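Per-entry structural report
Read off the chains here:
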Amino acid sequence: MPLVYADTSALFAYLHPDDEFSGVVDAAMQKDPPDFVYWPFLRYELRHNLRLARTNSHGEAAWRALRAAEKTAARLRWQGELTTDKMVDSADELSAEKARDFDCGSSDYLHVSAARRLNLLSGLDEFWTCDVAQAKLARSVGLKTRLFELKM
Amino acid sequence: MAWGVNVPFIPLTLSFCETGLHLWAGVQSFGHPDTLDRDTFLVSIGPMTEITSKQLHEQTAAMLDRAKGGQRMKVIRNGQSAAWLIPANEEIDPAWDEIMAEVRKARAKGAPTRPNPILAERKKRHYAARVR
């Protein structure tokens, strides 16, 4: 089963049925079901946004799905190697290297540096995101990247 | 022989068994014990033992007694994991399709979509940075 680093934009879209990218991310997931990388920052960002989205039954469904997935760890693969302190240092190094060329936010650098580290350590099949700028950054560090775009 | 070590927030058990030292995390989430909010739960970590299919065959009653006593066992056949033997009162993890069933049902209704909040937040931050 492939191991994918789906950033929070992609994981949120997969879990929340009303998200604009929900359909395209789910289609990719159904085609070749991967395991997803999971680590403290990603967990925090995903949980935070899903908590904010718990305003209706669909938001509640998304939250329950996440909690069930965390409980079983069926697809969310906890990466003990990706600790926040290490990743912040790693993101800082990546920022020093790339910030002038890529108009990405601080959390984008965290995701890409975490994916890069994992790729170096044990291999990563793909990096998934719905963010154009982040996809460019991910490709620049050699990650095989899938950018989800809205069908017009 | 088995012995336990209690760590704050994480009930942790290390067990020595026939095949060496095992640390088994019930939900494979040792790294993220949940203690954050009312929706979260504590991850429990219990003993896990490997037994061979031959042992299971020859000592079925004893193995069932151990499982009844709360022990989870991984059955090894020809050097590879073949099955789990777990206490009957333990929940079996739901399948992924089951986890996502409610979400997929909601998605199938085709409700109006809304902007991805993570991208929206990033755009806001970029805008604020440019304004400054």
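Whatever comes next refers back to the structure up there.
What comes next is a walk through the structure. Since we're looking at a predicted model, the values are computed, not measured. (Residues numbered from 1 in each chain as written. Chains lettered and ligands numbered in written order. Predicted model: local features only at pLDDT ≥ 70, side-chain atom pairs only at ≥ 80, totals over all residues.)

**Some points on the interface of chain B and chain A**
The test is simple: Working definition of a contact: two residues with C-beta atoms, positioned from the backbone, lying within 7 Å. Helix and strand assignments come from DSSP, with helices taken as H or I runs of at least 4 residues and strands as E runs of at least 2, each series counted from the N terminus. Gly is put with the polar residues, along with every residue not named as nonpolar or charged; the nonpolar set is Ala, Val, Leu, Ile, Met, Phe, Trp, Tyr, Cys and Pro, and the charged set is Asp, Glu, Lys and Arg.
Listed by partner, the interface residues are 26 residues for chain B and 36 residues for chain A. Looking at the side of chain B that touches chain A, the element that brings in the most residues is helix α3 (residues 96-108) of chain B, giving seven residues. Of the residues assigned to the side of chain B that touches chain A, the class counts are twelve nonpolar, seven polar and seven charged.

**Digging into unusual backbone geometry**
Note: most residues except glycine have negative phi, and most peptide bonds are trans. Residues and elements named next belong to chain B. This is how it is decided: The burial label depends on the number of other C-beta atoms within 10 Å of a residue's C-beta. Counts of 20 or more mean buried, 12 or fewer mean exposed, and intermediate counts mean partly exposed, with C-beta atoms placed from the backbone.
The phi dihedral of N78 falls on the positive side, at around 50°, and the residue is not glycine. For N78, the position within the fold is in the loop between β7 (72-77) and β8 (80-85). Note on N78: 7 C-beta atoms within 10 Å, which makes it exposed.

**Some remarks on the pairing of strand β1 (residues 3-6) of chain A**
Residue and element names in this part refer to chain A. Heads up, the condition is: At least two DSSP bridges between two strands are needed for those strands to be called paired.
In the sheet, β1 pairs with strand β2 (residues 35-38) via two bridges, with the strands oriented parallel. Paired with L3 across the two strands is D35, which belongs to β2. In this structure, β1 lies alongside strand β4 (residues 126-129), joined through three bridges in parallel fashion. Opposite V4, over in β4, you have E126 as the bridge partner.

**A few points about the nonpolar core**
For clarity, the threshold we go by: Nonpolar cores are identified as sets of buried Ala, Val, Leu, Ile, Met, Phe, Trp, Tyr and Cys residues joined via C-beta atoms within 7 Å.
Among the nonpolar cores identified, the biggest contains 52 residues, and Y5, A10, L15, A62, A65 and A115 of chain A are the most heavily contacted of them. Excluding residues within four positions of it along the chain, Y5 of chain A makes contact with V37, A115, L118, L124 and F127 of chain A.

**So, the packing of helix α5 (residues 84-98) of chain A against helix α6 (residues 106-121) of chain A**
Residues and elements named next belong to chain A. Selection rule: Each axis is a line fitted through C-alpha atoms, and for a helix only the stretch in contact is used; angles between axes span 0 to 180 degrees, taken between their N-to-C directions. Small angles under 35 degrees read as roughly parallel and large ones over 145 as roughly antiparallel, with 65 to 115 read as roughly perpendicular and the rest as oblique.
Interaxial distance between α5 and α6 falls to 8 Å at its minimum, and their mutual angle equals 105°. When the axis of α5 is compared with that of α6, the two are roughly perpendicular. Here M87, S90, A91, L94 and S95 of α5 lie close against α6, whose contacting residues are Y109, L110, V112, S113, A114 and R117. Across the contact of α5 with α6, the residue classes break down as seven nonpolar, three polar and one charged.

**Points about helix α4 (residues 57-72) of chain A**
Stated precisely, the cut-off is as follows: Take the number of residues in a helix, subtract one, and multiply by 1.5 Å to get its expected span.
End to end, α4 of chain A covers 23 Å across 16 residues, agreeing with the expected 22 Å (1.5 Å per residue, within 8%). Of all the residues in α4 of chain A, the buried ones are H58, A61, A62, A65, L66, A69, E70, K71 and T72 of chain A. Lining the buried residues of α4 of chain A we find α1 (8-15), α3 (40-52) and β3 (76-78) of chain A together with α3 of chain B. Where α4 of chain A terminates, the next one or two residues include A73 of chain A, which has phi positive at roughly 55°.

**Observations concerning the sheet that holds β3 of chain A**
Residue and element names in this part refer to chain A. Strand order across the open sheet formed by five strands is β3-β2-β1-β4-β5, with parallel pairing between neighbours. This sheet does not close on itself; its edge strands, each paired only once, are β3 and β5 (145-147). Averaged over neighbouring strand pairs, the angle between their axes works out to 35° when direction is ignored.

Honestly, it's all geometry; don't read function into it.
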